[in-house]
Amino acid sequence: MRVPLSWLREYVDLPATETGRDVQAKLISAGLEVETVEALGAGLKGPLVVGQVLTIEELEGFKKPIRFCTVDVGTANGTGEPQEIVCGARNFAVGDKVVVVLPGAVLPGDFAIAARKTYGKTSHGMICSGDELGMGDDGSGGIIVLSPETEPGTDAIELLQLVDEVLDIAVTPDRGYALSMRGVARETATAYGLPLRDPALLDVPAPNAFGHPVRVSDPLGCDRFTARTVTGLDPDARSPIWLSRRLQKAGMRPISLAVDITNYVMLELGQPLHAYDRNRLQGAIGVRRAEQGEKLTTLDGVRRTLNAEDLVITDDRGPIGLAGVMGGADTEIDDSEGTTTEVVVEAAHFDPVSIARTARRHKLASEASRRFERGVDPQAASAAAQRTVDLLVLLAGGTADAGVTEVIAPSAPHTITLAADHPDKVAGVAYGRETVVRRLQQVGCDVYGQDELIVTVPSWRPDLTDPNDLAEEVIRLEGFENLPSTLPKPPAGLGLTQRQRLHRRVGRALAGAGYVEAPNYPFMGEQVLDRFGLAADDPNRKVVTLVNPLSDEEPALRTTLLPGLLQTLRRNDGRGSHDLALFETGLVFHPRAEARVAGRLPVDRRPTDEELASLTAALPVQPRHAAVVLAGAREQAGWWGKGRPADWADAVEAARVVAREAGTELLVRTGRYGPWHPGRCAELAVVLDGAERVVGYAGELHPRVLKSLGLPARTCAMELDLDAVEEASSGHPRGPKISAFPVATQDVALVVDRTVPHADVEAALRAGAGELLESVRLFDEYESEQLGGDRKSLAYALRFRAADRTLTVDEASAARDAAVALAAERTGAVLRGA
């Protein structure tokens, strides 16, 4: 909302020394967001006067039309002689009154004016357009042509109100009253402790049966409708300068007198209005819900298909306007034809929710809808209609029709019961009853009672609905800056939960392993699951869909972390970062088998355990996952070596890093699932309640998936269920034991079938070696024709150590032989060379 300071002074007698900056500070202290104060006419210096065009000579021989004019500027030039001026504009004629800037003047932008020779003539000044004077768009697109009664030589700076200050207020949704001069003036008067001249205090005639007929079929959508008629309008009448300039300063373009007046009253009182050409109306004006599929051409020339929830204005033909949003073209006041001599003025109050939905449904935001959806004073409709009628009579020479139509749905004022000390408790400041009552009365409330106050909320404040709203009004008017700063004293907490500790440990461990955390939004589109190649019955295809998603392309909550991580990897690879290792730990979402509706928790007390459990049961299942993606080089090349690209083994090792932090033994075996390459995919499992449970997958992604998602070749990924891994853990991870006795290392090379997994051989070696085994490490894999085409050699380093003694060679050899024997029994392994 743009508020000219000169206009604001009409309603509040501000001290003459108060500047826009001073008013800005006061309004900000009162809770309004005044973003800027624009100084109009800054740097403007006269002489800038009214001139009358005496002669026009067309200069020929130039690339564009040029005119040499003589202009009567009275005695402003010191001689009284006509002023010679060269001008290229063509929207004025001999006899017109224009704005002339004389040599020695300075226009906005530090543009100094001097006599200069151009096009073979000497121009002593300039004939001005609105843009050159900083007036903005006046709709003419050229030279300013003033009304004929303006005298030559008149000071145009004062006439056009070029010097002013304009406050730009960012009005929040709960303060719709501030979208009017009346609302801002009330806040200003309160801030300065000055009386307010309320522009809505007008003598309004009582409704009668002679006005234009109105039928309201939906009183919930429209609880008040006022119609007034003005006849005998002069179709050639134009908006006076003061009216046009106020509209321009407020950010609106002058259009025609009738439309300008409705816009002016809307800015003044906050009540949107609409003027109909009476001769284009057919029958009574109606208000109803649209029929599904009805058509309406709005004032912007767009043919719109209406929805059954849209509230429309009708006559006997059907819809003639979208209520509270935009009028229809069929009843438009066409100023270009100059045929409108009778108008019907509409001032109504519509349901805010209905107007907001209609404006968004049709993507048709307007000044009217912006105000209706934030709440308009229903009691101001009659005054706004009367103000419009008065201006039409005054400026257009019309006659107010005696008929006054008012359709009002019965309603009672909203009252709130408030403890007199409630604002004190909210703010932690002792205001006292007298201060609370005085501040609420300044807002416009009627207050009765002693210890318990009965507060009647004013009609222009629909945002005041409960005691906390009233407490906020008291606090803001007393000054937020006066609230004392006190440190809270929270009770001692219980620290981090086990789940939170694991989450942090996993993040630190992956970061230490060279991964970069890349958190993503928890949304995805279901089409990415098709690209992953998931089966139709895969549990990850069952998603929770949002009712109001941030993006139509990602309307569902994610069931896997990979879409976001892979999108981040693709974006960074496309920007030149090709060696990438990213990770994320976060929630995924799965719908429950039985859908439930969440209840509303109380706000006046702590919810009970049963209420919290009921709320949790209505939420989706939300396990925490951990995932990594890799592409490019895992080890960089340099003087120390050739480097190494990332491969499936790095993804598996990332899973082992996570499992170690959880203190869980991770089972790794060949697997096949969704987006992973079937020959380079590891299935990750844990032992839970005596049974193995698959918790994730790791490996290289399928080339088909990489091509579909635009990812680099050989991209690898890992994802596992972090909650399941934690559940399978034996508790806190334990640090390594440090022994004072030396280790005994025994190497074995076992030949097995190529189909036997390394994990099975390692498990057999661990089980057979017994308690003396400290670790097993695979350090070589070998295949050759000597072993046979279907055989391979696996070489292991076995480390043995006793906690209480130094092992002998015989003890270490016996443990090794036992391990080899069990491996031979389980996997068919034989010692290489045996």
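This text follows the structure it describes.
Below or above, wherever it landed, is the structure these notes cover. Throughout this document, residue positions are counted from 1 along each chain, in the order its sequence is written. Thresholds applied to this predicted model are a pLDDT of at least 70 for local features of residues and 80 or more for the giving and counting of side-chain atom pairs; totals over whole chains, interfaces and linings are not thresholded and use all residues. Water and hydrogen atoms were dropped before computing side-chain values, which therefore reflect all heavy atoms in the structure.

### Here we look at the packing of helix 11 (residues 433-443) against helix 12 (residues 467-478)
Link 1 in the chain: Contact geometry for helix 11 and helix 12: axes closest at 9 Å, N-to-C directions at 95°. As the angle between them shows, helix 11 and helix 12 are arranged roughly perpendicular. Between helix 11 and helix 12, the contacting residues are Thr435, Val436, Arg438, Arg439, Leu440, Gln442 and Val443 on the first element and Leu470, Glu473, Val474, Leu477 and Glu478 on the second.
Link 2 in the chain: For this classification, the nonpolar set comprises Ala, Val, Leu, Ile, Met, Phe, Trp, Tyr, Cys and Pro, the charged set comprises Asp, Glu, Lys and Arg, and every other residue, Gly included, is treated as polar. Here the residues of the contact of helix 11 with helix 12 sort into 6 nonpolar, 2 polar and 4 charged. For helices, the axis comes from a line fit to the C-alpha atoms of the stretch in contact; other axes are also lines fit to C-alpha atoms, and the angle between any two N-to-C directions lies between 0 and 180 degrees. Helix and strand assignments follow DSSP, with helices taken as H or I runs no shorter than four residues and strands as E runs no shorter than two, numbered in order from the N terminus. Here is the rule for angles: anything less than 35 degrees is roughly parallel, anything more than 145 is roughly antiparallel, 65 through 115 is roughly perpendicular, and the remaining ranges are oblique. When checking whether two residues touch, look at their non-hydrogen atoms; a contact exists if any pair is within 4.5 Å.

### Here we look at the packing of helix 2 (residues 20-29) against helix 4 (residues 181-192)
Each pair of packed helices can be summarised by the angle the axes make with each other and by the distance between the axes.
Link 1 in the chain: Interhelical geometry of helix 2 versus helix 4 gives an angle of 90° and a closest axis separation of 9 Å. The orientation of helix 2 relative to helix 4 falls into the category roughly perpendicular. Residues Asp22, Val23, Lys26 and Leu27 of helix 2 form the contact with helix 4, whose own contacting residues are Val184, Glu187, Thr188, Ala191 and Tyr192.
Link 2 in the chain: Partitioning the contact of helix 2 with helix 4 into residue classes produces 5 nonpolar, 1 polar and 3 charged.

### Brief notes about the nonpolar core
Link 1 in the chain: Judged by nonpolar contacts, the single largest core of 54 residues is most densely connected at Val3, Leu8, Val23, Leu27, Ile169, Val265 and Leu392.
Link 2 in the chain: Put simply, buried Ala, Val, Leu, Ile, Met, Phe, Trp, Tyr and Cys residues joined by side-chain atoms within 4.5 Å make one nonpolar core. Residue exposure (1.4 Å probe, protein chains only): buried if accessible area is under 20% of the type maximum, exposed if over 50%, otherwise partly exposed. Grouped together as the second largest cluster of nonpolar side chains are 34 residues, Tyr515, Ala651, Val657 and Val658 included.

### Digging into the pattern of salt bridges
Link 1 in the chain: We define a salt bridge as a side-chain nitrogen of Lys or Arg found within 4 Å of a carboxyl oxygen belonging to Asp or Glu. Scanning the model with the defined rule gives 53 salt bridges in all.
Link 2 in the chain: Taking the shortest distance from any N to any O, the salt bridge between lysine 425 and aspartate 421 comes out at 3.8 Å.
Link 3 in the chain: What makes aspartate 421 partly exposed here is its relative accessible area of 34%.
Link 4 in the chain: A salt bridge links glutamate 783 to arginine 754, with the nearest nitrogen and oxygen atoms 3.8 Å apart.

### Description of the pairing of strand 21 (residues 318-322)
Link 1 in the chain: Within strand 21, 5 of the 5 residues are buried, which leaves it mostly tucked inside the rest of the structure.
Link 2 in the chain: A pair of strands is treated as paired once DSSP finds two or more bridges between them. Pairing geometry for strand 20 (residues 311-315) and strand 21, over 4 bridges, is antiparallel. Bridge pairing links aspartate 315 to glycine 318 in strand 21.
Link 3 in the chain: Between the antiparallel neighbours strand 20 and strand 21 lie 2 residues.
Link 4 in the chain: Two elements, strand 21 and strand 22 (residues 326-327), share 2 bridges in a ladder whose sense is antiparallel. Bridging from a neighbouring strand, glycine 321 pairs with glycine 327 of strand 22.
Link 5 in the chain: Between the antiparallel neighbours strand 21 and strand 22 lie 3 residues, among them glycine 324 with a positive phi of about 75°.

### Points about the sheet that holds strand 26 (residues 446-448)
Link 1 in the chain: As summarised here, the arrangement of the 3 strands in space is 25-27-26, forming an open sheet in which the pairing is antiparallel. If you trace the sheet from one side to the other, it starts and ends with strand 25 (415-419) and strand 26, each paired once. With direction set aside, neighbouring strand axes in the sheet form an average angle of 25°.
Link 2 in the chain: For strand 25 and strand 27 (residues 452-456), the ladder comprises 5 bridges, and the chain directions are antiparallel. Pairing of alanine 419 across the sheet is with glutamate 452, part of strand 27.
Link 3 in the chain: Helix-sheet contacts for helix 11 involve strand 25, strand 26 and strand 27, and the interaxial angle to strand 27 is about 5°.
Link 4 in the chain: Along the sheet face, helix 12 touches strand 25 and strand 27 and points at about 70° away from the line of strand 25.

Everything listed is a geometric property; what it means functionally is a separate question.
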